[in-house]
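# Analysis of the macromolecular model
If you want the building blocks of each chain, they are given just below.
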Amino acid sequence: MEKNKYLKIGAILFFIVLAAYSCYATEHSLHLLSPNLPEVLVWAITIAFFFVASYASKMIVDALNQNIYLENRKWHLIGGIILMILFWLLVSMPTNTHTFFYNERVCDVVLSDITTTENYLDQIEKRQITLPEFDSVELKVNQKYKELNAEFNGIGPSHKKGNGQFVMQRMSEINELLGSNIAVDPRFNVHDVTILNRYNTSIHKELERVKREKYQAPHSAVEEAGLLLDDLYVIEDTVKVMTSLGKPNEGIITQTEGVLQNAYTLIKNNSQYVKFSGDDESIYCAEKITTKTRQLKNVIKVWQEFLGGKYKGKGFFYWIMISILVDLGAFIFFDIAFKKEDY
């Protein structure tokens, strides 16, 4: 009798240890999913759910134990299985797995998210992408300048050198194409090479202006991209330190996520000035923007991706097994501690 008493006490203690670890993992995952919920409320829900799941395991064990008397044995078994599915298989096990996997992967995901986002912001800030429509404008302007140049040097249609009517007409057409107002030299039929050089310099300057103002990222986007890059460079150093320590800090991750969310929004609004890699465009330009860091916080999204084959070979299955073993151990100790005595 005394031995049985110590066994029950030991089982209760081990149950509390494993249950606490399981509840921590469940609470962490649920709070990541719904950060606006009060943490005390999430803890209360988590503990209640785990005790229901533990009691469900006892219902199943009692229903299968033929050495004890139990009314409605069949319904105990069915009820226990249903409760286990609802409170353990659909809540505790997947959230625990998510927390273990999240803690292992989040630092790497955050750093990768920062690096990729910095690359796209850099394209905007440095105006690396020019809209393809500019090529047509540039081609037309260059063609007209080529004709102008030939006429000026006496190898055009009139075979006359100098700043004549044909040259002036082409300059007028170039101004119209560029929406500019390049001054046309009024000296008629004067073959002065400085006139041609001035036309050439002015046309190239106007082409650059038009490209910058109409076919590249606007100044406001360039300026905002620069500010966001400054923020990300600072945060990146902090995240690298966090990664080296191997201990995720939710405060830092949340701060990073806020900056990334703003960066994603800017990139989406200026996506025509960005060259995306892989399937990044669908992520950065989604109707509802969700950063890669935020996606990892979502237990439902992570499981969807796992079932879709994304995390093969990345340890996810290992954390499923750890989650099952932790909960299974807790259920076994619960059943030992509150075992129904033989009649």
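Thresholds, definitions, all that
- Residues numbered from 1 in each chain as written.
- Predicted model: local features only at pLDDT ≥ 70, side-chain atom pairs only at ≥ 80, totals over all residues.
- Heavy atoms only, no water.
- Helix = DSSP H or I, 4+ residues; strand = E, 2+ residues; numbered from the N terminus.
- Rg over C-alpha atoms; globule rule 2.2 N^0.38 Å.
- Buried < 20%, exposed > 50% of the residue type's maximum accessible area, 1.4 Å probe, protein only.
- Contact = heavy atoms within 4.5 Å.
- Areas by Shrake-Rupley, 256 points an atom, 1.4 Å probe, with all protein chains shown as cover.
- Lys, Arg positive; Asp, Glu negative; His and termini not counted.
- Charge placed at Lys NZ, Arg CZ, Asp CG, Glu CD.
- Phe/Tyr/Trp six-rings, centres within 6.5 Å; stacked < 30°, edge-to-face > 60°.
- Lys NZ or Arg CZ within 6 Å of the ring centre and 35° of its normal.
- Core = buried A, V, L, I, M, F, W, Y, C linked by side-chain atoms within 4.5 Å.
- Polar contact = N/O pair within 3.5 Å; in protein donor to acceptor, adjacent residues only side chain to side chain.
- Axes fitted to C-alpha atoms, helices over the stretch in contact; angles between N-to-C directions.
- Parallel < 35°, antiparallel > 145°, perpendicular 65-115°, else oblique.
- Left-handed = near helix turned anticlockwise from the far one by under 90°.
- Nonpolar A, V, L, I, M, F, W, Y, C, P; charged D, E, K, R; others polar.
- pLDDT = per-residue confidence, 0-100.
- Salt bridge = Lys/Arg side-chain N within 4 Å of Asp/Glu carboxyl O.

What follows concerns the overall build of the protein chain. Tallying secondary structure elements over the protein chain gives 12 helices and 0 strands in all. Reading the protein chain from its N end, one meets helices and strands in the order α-α-α-α-α-α-α-α-α-α-α-α. For the protein chain, the C-alpha radius of gyration of 35 Å lies well beyond 20 Å, the compact-globule estimate for 343 residues. Principal axes of the C-alpha set define a box for the protein chain whose edges measure 120 × 40 × 35 Å. When the 343 residues of the protein chain are sorted by exposure, 43% land in the buried category. Across the protein chain, every contact between residues at least 6 apart in sequence was considered, and the portion connecting residues at least 24 apart equals 75%. For the protein chain, the accessible surface area stands at approximately 19,100 Å², while carbon and sulfur atoms represent 60% of it. Each charge class in the protein chain was averaged separately, 36 positive and 40 negative side chains, and the resulting centres sit 3 Å apart.

A separate point is the packing of aromatic side chains. Inspection of every chain in the model, using the stated rule, returns 23 aromatic pairs. Judged by centre distance (5.2 Å) and plane angle (90°), the rings of Tyr120 and Tyr284 are edge-to-face. A residue pair is termed long-range when its members are at least 10 positions apart, and Tyr120 in helix H3 (residues 73–125) and Tyr284 in helix H9 (residues 280–284) qualify at 164 residues. Considered together, Tyr120 and Tyr284 belong to a single accessibility category, that of buried residues. Through a chain of ring-to-ring contacts, the aromatic side chains of Phe15, Phe50, Phe51, Trp88, Phe331, Phe334 and Phe338 assemble into a single cluster. Stacked on the ring of Trp75, the Lys or Arg Lys74 has its end atom at 5.9 Å from the ring centre.

All right, on to unusual backbone geometry then. Despite not being glycine, Arg127 has its phi angle at roughly 50°, a positive value. Here Arg127 lies in the loop between H3 and helix H4 (133–152). In this structure, Asn189 is a non-glycine residue whose phi angle is positive, near 60°. On the secondary structure map, Asn189 appears in the loop between helix H5 (165–178) and helix H6 (193–214).

Turning our eyes to something else, we now look at the nonpolar core. Most often, soluble globular proteins have nonpolar side chains that are buried together. Counting residues in hydrophobic clusters, the biggest one holds 80 residues, and the most contacted among them are Leu121, Ile203, Val239, Ile267, Leu296 and Phe316. Considering each element in turn, this core owes the most residues, 16 residues, to H3. Ignoring sequence-local partners within four residues, the contact set of Leu296 consists of His98, Phe101, Tyr102, Arg105, Val106, Val109, Val302 and Tyr311.

On the secondary structure map, Thr97 appears in helix H3. Residues Thr97 and Ala25 lie 72 residues apart in sequence; the distance between their C-alpha atoms is 8.0 Å. Beyond its immediate sequence surroundings of up to four residues, Thr97 is in contact with Trp303, Phe316, Trp319, Ile320 and Ser323. Looking at Thr97, its side chain comes within polar contact range of the main-chain oxygen of Met93, at 2.9 Å.

All right, on to the packing of H3 against helix H7 (residues 219–245) then. Axis separation between H3 and H7 bottoms out at 9 Å; the angle between their running directions is 160°. Relative to H7, H3 is oriented roughly antiparallel. Considering how the two elements wind past one another, H3 and H7 form a crossing that is left-handed. In terms of residue class, the contact of H3 with H7 is made up of 16 nonpolar, 4 polar and 6 charged.

A separate point is the confidence of the model for the protein chain. The predicted model of the protein chain has a mean per-residue pLDDT of 90, with 97% of residues at 70 or higher. Of all the helices and strands in the protein chain, helix H1 (residues 2–33) carries the lowest mean pLDDT, 89, while helix H8 (residues 250–269) carries the highest, 94.

Taken as a whole, this structure holds 17 salt bridges when the rule is applied. Linking Arg209 and Glu213 is a salt bridge whose minimum nitrogen-to-oxygen distance equals 2.9 Å. In this pair, Arg209 and Glu213 are both assigned in helix H6, 4 residues apart and thus about one turn of the helix distant. On the basis of relative accessibility, which here comes to 21%, the residue Arg209 falls in the partly exposed class. Between Glu250 and Lys297 there is a salt bridge, with its nearest N and O atoms 3.9 Å apart. In this pair, Glu250 sits in helix H8 while Lys297 sits in helix H10 (residues 292–297), placing the two residues 47 residues apart along the sequence. Of the residues examined, Glu250 reaches a relative accessible area of 25% and is grouped as partly exposed.

Here we take up the side chain of Lys211. As for its position among the elements, Lys211 is in helix H6. Assessed through its relative accessible area of 18%, Lys211 is described here as buried. When neighbours within four sequence positions are excluded, Lys211 is seen to be in contact with Thr130, Phe134 and Gln216.

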